[in-house]
Structures are given as C-alpha cells and as structure tokens.
Amino acid sequence: MADAVTKCVHCGFCLPACPTYAEIGTEADTPRGRIVIMKEVLEGSLSVADASPHVDACLGCLACEPACPSGVPYRDLISAYRAKTNPERKRSLTDKIKRKVISQTLPYPARFQAAARLGQLSKPLSGLVPPAFRPMLDLLPQEKLPRMVVYPPSVEPAPETPRQGRVALLLGCAQQALDPDINDATIEVLNRNGVEVVIPPTQGCCGALSWHIGEMGDAQKFAINNLAAFPADVDAVITNAAGCGSGIHEYPLILKGTSAEAAAQAMAERTRDISVHLGRLAELAPIPDPGRPLRIAYHDACHLANAQGVRQPPRDLLRAIPQVEVVEIPDGGTCCGSAGTYNIDQPEIAASLGRKKAEFIRELNADLVVSGNIGCLTQLRAHLADDKGGTIPIRHTVQVLRDAYAGKLGSA
Ligand code: SF4
Ligand code: SF4
C-alpha cells in the first residue's frame, strides 16, 4: 500500500481516465484524491466514515493505472485498504443484509442460481422490494436460466486432433449460474485445438468478489481452497471471466505474509485468460468462413484490459475468423459500470455508465457485441435492451469462436 501512496506525484494525468470522476466531478473522487484520502485514513488524520463515500464510489476499474506516468500501483491500494478498514466500517442494517446476501450467494453457483430464479419470479413485484435490492432484480435476465453443467474431471480432444497441451479450467461462479455455455464453448474451442481440459472438482470461487468488497478472511479462504484444488502439472490455469482472472493474479497480495504466499505467486504466474492461451498455441485450428461479413464491437472488460493488460489477444482471435471486422467502441475503453458488485452497490453511477456505453455501441451498427467477462455481458445486456424487446446479440469471445468453428456464426 505504501508504494501506491508515495509514488503519486499528484500530476493529474489519471483524471481524464477515471470514469467516476467524469460522473461525480469532485477532486475527492479522482484517483489522486482517493489516494490522498486513503493515505490520511491510514495515517489516522481522517475517519473511515468520512473517506467511505469517495472510496466506495471507486469502480476498481484500474483505468487510472495505464494513464499514470509514475506507475502508481493503484490496485495494491484499493482492495487492501478496503480489507484493512472493513472492520471499522459502520454500516446500515440494509447494507449489512445486502452484503450478507451477496457474500452468501454469489460465490456459490448453485445457491446463486436458486436465488436468481427466485429473483426472476419476484421481478413483477419489484415495487414491493426494498430499493436497495432492486438493482439486483434489474440485472437478472428475463429468460429462464439454463441448467448448470456438471463436468467430468477431464475433457480430452478427439483422438485424431494433434495434441497441444493440457490446461485446468476455472469455471467461475456467476458464470456457471448465468451462462454456463461460456464454459462449454471454452472446453470445445480448447479441445478443437488439441488441448486437454482438466476441471478440478474441488475448485470454488476465485475470491475476487470477497477481496473487492473488503472481506479479507473469505478471500483468503477461497484462494487457499483453489491453491489446493488446481494441479501444478498443467500448462496453464485458464480463466474465461476477467474478474476471476484478475482475482487469481491478486492471490500474492491476498495471501501476502502467509505461508501460502509462494504458492499464490506460482498459481498467479500460471494463470492466463483463455484468449491469451489460444493466442500462444503453436497453431490455431483453421476457422471456416461464416459465409457473410460480420461487424463485431469488442468491449474491453476492465479486469482484462487494465488489470491483466490483455487487449490484443481477443481482438486477434476474432480477426482470425474470416470476414470478421472488429470495431472499436469510441469511448476510450471506459468501464461499463459492472465492476464486480458495483452495479448493485452504486446503481446510479453504474446505470449512467451502462447507458453511455450502450449509446456508443448502438452508433456502431454492429452485428454482435463481444466481451470477455460475465459481469460486463450481464451489464451490457441490461442496457442494450430497448423498450420494444430489441437488442444487439452479446457474446463471449469463446462463444463466437466456438460458433465459427461449428459453422453457425453466419446465422448469429
Ligand atoms: S497520474 Fe499517477 S502520479 Fe499523477 S495524480 Fe494520478 S495516480 Fe498520481
Ligand atoms: S479504479 Fe477506476 S474509478 Fe477507481 S480511481 Fe481508478 S479510474 Fe477511477
């Protein structure tokens, strides 16, 4: 934490990159303002309560990091600060209940899906639901949630496919409940490229959600479980949700000073987003021509682009599909407002960011919107749907690849 505080020279280059500063417009809600505020709390000259509105309004999108010429590691400060000050936070009863509901459902796919189904049934009665809980209902899809999938411990490529290694897959919590097809597509694309996929049966939540809301004990518990669950004799641990990938990359910080720190470092180093792993294969299996041109708007998930530095690999994969044009969303990669549980905790700012993102996307006249994070996909779906039920199809990068391999992309 000290590094982030001392490195900041208050130059202000990060200000234009910060989406919440653009929304709120006060110095206390700039990255440098938040750094000063957190420093003052840690030094004892400001109360946690006075700092909270500004720290809570931070998305954790890390757009300030690449914008900072001094290399301030903001990521090392924000979640660690939240974990350190969480015990001192005075919270309203509603806030406590909301956090309990989130922490007891989201990291557990079966529970989360059951709660989401209940939430879908409650949607027509949302006016009777306390306002603090309505954003949760608003984000739930209208369609019936698909059945969750139970995978075997390993899925091998067809015998005739030349082998290109062996990986382990993290399934993700919200993803298994909301869109299990993303994991199906990941396994299919890896198998088609000769990669065996190990699916550790004792894996659990990556812990990112707990870490980002300041629940250090839970974050450590989830991280330690996954250190034991994932084998070391694989080429890589694959993540296909940006939030999970960045969460595992933060294991060394989550487990800093514990006996598991070295194992956390090793797991972080062998964890890769699916787009990075596919891009590193010696050869990508040829992708058939979908039979028509496709214009794809690619949305950078903050926890992929800013947190993991993964911008080019998903674009390269999509461009490897014949007749695909990848178009950029002309907002400089601003956060869509999803950001973990931000769209539940700070629904007004999150909705404003979601609406703006949707406006930029609509102007592109794209056939498909693609991203690499279940949170962003959910947020974009909610904001791209119009009053008449119209929308633009929204897919994960691996779903597009899987459909292209299967010759089904032309009908997307
Ligand atoms: S750009 Fe970096 S050094 Fe400058 S104010 Fe922002 S965080 Fe501080
Ligand atoms: S993480 Fe995002 S919202 Fe928070 S200070 Fe940095 S740019 Fe602003």
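Keep in mind that this is a model prediction, so the values were computed, not measured. (Residues numbered from 1 in each chain as written. Chains lettered and ligands numbered in written order. Predicted model: local features only at pLDDT ≥ 70, side-chain atom pairs only at ≥ 80, totals over all residues.)

Q: How should I be thinking about the domain arrangement of the protein chain in this particular structure?
A: By a widespread convention, an interface's size corresponds to the accessible area lost as its parts come together. We note that the domain assignment places domain 1 (2-88), domain 2 (93-139), domain 3 (154-280) and domain 4 (294-411) within the protein chain. When each unit is reduced to the centre of its C-alpha atoms, the spacing between domain 2 and domain 3 is 26 Å. At the level of elements, helix H7 (93-105) and helix H8 (109-122) are the ones that each hand at least two residues to the side of domain 2 that touches domain 3. Counting residues per element, the side of domain 2 that touches domain 3 draws most heavily on H8, which supplies four residues. Across the side of domain 2 that touches domain 3, the residue classes break down as six nonpolar, two polar and one charged. (Domains from an automatic or database assignment. Helix = DSSP H or I, 4+ residues; strand = E, 2+ residues; numbered from the N terminus. Nonpolar A, V, L, I, M, F, W, Y, C, P; charged D, E, K, R; others polar.)

Q: Explain the pairing of strand E4 (residues 236-239) to me, please; I cannot follow it from the model alone.
A: Walk down a regular strand and you will see the side chains alternate between the two sheet faces. Across the two faces of E4 the burial is the same, with Ala236 and Ile238 and Val237 and Thr239 all buried. Note that strand E2 (residues 166-169) and E4 share three bridges and pair parallel. Counterpart to Val167 in the pairing with E4 is Ala236. Sheet topology places E4 next to strand E5 (residues 271-273); three bridges connect them, and they run parallel. Note that in E5 the partner of Ile238 across the bridge is Arg272. (Buried ≥ 20, exposed ≤ 12 C-beta atoms within 10 Å, placed from the backbone. Pairing = 2+ DSSP bridges.)

Q: What is the right way to read the sheet that holds strand E3 (residues 196-198) from this model?
A: What links the strands of a sheet is backbone hydrogen bonding, and the strands pair in either a parallel or an antiparallel sense. As summarised here, the arrangement of the five strands in space is E1-E3-E2-E4-E5, forming an open sheet in which the pairing is mixed. Both outer strands of the open sheet, strand E1 (154-155) and E5, are each paired with one neighbouring strand and no more.

Q: Honestly, the nonpolar core in this entry has me stumped. Any pointers?
A: In terms of nonpolar packing, the biggest core is built from 115 residues, with Val167, Ile296 and Cys302 touching the most fellow members. With six residues, helix H6 (residues 74-85) is the single largest residue contributor to this core. Ignoring anything within four residues of it in the chain, the contact list for Val167 reads Leu190, Val195, Val197, Val198, Val234, Asp235, Ala236, Ile238 and His277. (Core = buried A, V, L, I, M, F, W, Y, C linked by C-beta atoms within 7 Å. Contact = placed C-beta atoms within 7 Å.)

Q: Can you walk me through the site of ligand 1 in this structure?
A: As a structural note, the neighbourhood of ligand 1 is formed by 13 residues, with Cys8, Cys11, Cys14, Arg32 and Cys68 the closest of them. Among the residues making up the shell around ligand 1, the classes are represented as nine nonpolar, three polar and one charged. (Near = placed C-beta within 6 Å.)

Q: Even after reading the chapter, I still don't get the site of ligand 2, so can you show me in this structure?
A: Taken together, 14 residues lie near ligand 2, and Cys18, Pro31, Cys58, Cys61 and Cys64 sit nearest. Here the residues of the shell around ligand 2 sort into eleven nonpolar, two polar and one charged.

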